[in-house]
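Chain by chain, the residues run as shown.
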Amino acid sequence: SGTLSWEKFQRHLEEPAVMAYFASLDLDVSNAHRLFRLLDTNDDNEVGSDEFLEGCMRLKGEAKSIDVNILVHETKKTSANMS
């Protein structure tokens, strides 16, 4: 279908090739659910191929990059809930 659900994402993280891909981007997948939420930019609980590729490119690099993006994501959600 061209999208990944959280369950599919979890299963794929068990594959060595997928882990190697994330490692090559210096993406820490130790908190996979948080990573999935950051990739799911439209909050539909699925990650499309565009969301996945754009998200990985946005988050690649030092661990601090993903930490900053988590903070921005959580702040936006909190702000939306308060409105």
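Here's a quick rundown of the structure.

**Describing the side chain of E51**
One can find E51 in helix α4 (residues 49-59). Buried and unpaired, E51 has R58 as its nearest opposite-charge partner, separated by 8.4 Å. Polar contacts involving the side chain of E51 include one to the main-chain amide nitrogen of G48, which spans 2.8 Å. Ignoring any residue separated from it by four or fewer positions in sequence, one finds E51 in contact with L39, D40, T41, N42 and E46.

**Remarks on the nonpolar core**
F9, F22, L35 and L39 are the most contacted members of the largest nonpolar core, which has 20 residues in total. Secondary-structure elements contributing two or more residues to this core are α1 (6-12), α2 (16-24), α3 (32-39), α4 and α5 (63-82). It is α3 that provides the largest number of residues to this core, a total of five residues. For F22, the contacting residues outside a window of four places in its chain are F9, L13, L27, V29, L35, F52 and C56.

**Some remarks on the packing of aromatic side chains**
This structure, assessed with the given rule, holds seven aromatic pairs. Plain terms: the ring middles of F9 and F36 are 5.4 Å apart, the flat faces sit at 55 degrees to each other, and that makes the pair tilted. With F9 in helix α1 and F36 in helix α3, this pair connects stretches of sequence that are 27 residues apart. For the pair shown, F9 and F36 are each scored as buried.

**Examining α4**
An α-helical turn contains 3.6 residues, so any two residues separated by three or four positions project in the same direction. All of the buried residues in α4 are E51, F52, G55, C56 and L59. Across the axial projection of α4, the buried residues extend over an arc of 120 degrees, all falling on one side. Those residues of α4 that are exposed and angled more than 90 degrees off the buried face are D50 and E54.

**A closer look at the environment of L27**
Looking at the element boundaries, L27 is found in the loop between α2 and α3. Ignoring anything within four residues of it in the chain, the contact list for L27 reads F22, C56, L59, K60 and I66.

The rules behind the values
Residues numbered from 1 in each chain as written. Predicted model: local features only at pLDDT ≥ 70, side-chain atom pairs only at ≥ 80, totals over all residues. Heavy atoms only, no water. Helix = DSSP H or I, 4+ residues; strand = E, 2+ residues; numbered from the N terminus. Buried < 20%, exposed > 50% of the residue type's maximum accessible area, 1.4 Å probe, protein only. Lys, Arg positive; Asp, Glu negative; His and termini not counted. Salt bridge = Lys/Arg side-chain N within 4 Å of Asp/Glu carboxyl O. Polar contact = N/O pair within 3.5 Å; in protein donor to acceptor, adjacent residues only side chain to side chain. Contact = heavy atoms within 4.5 Å. Core = buried A, V, L, I, M, F, W, Y, C linked by side-chain atoms within 4.5 Å. Phe/Tyr/Trp six-rings, centres within 6.5 Å; stacked < 30°, edge-to-face > 60°. Arc of directions from axis to C-beta.

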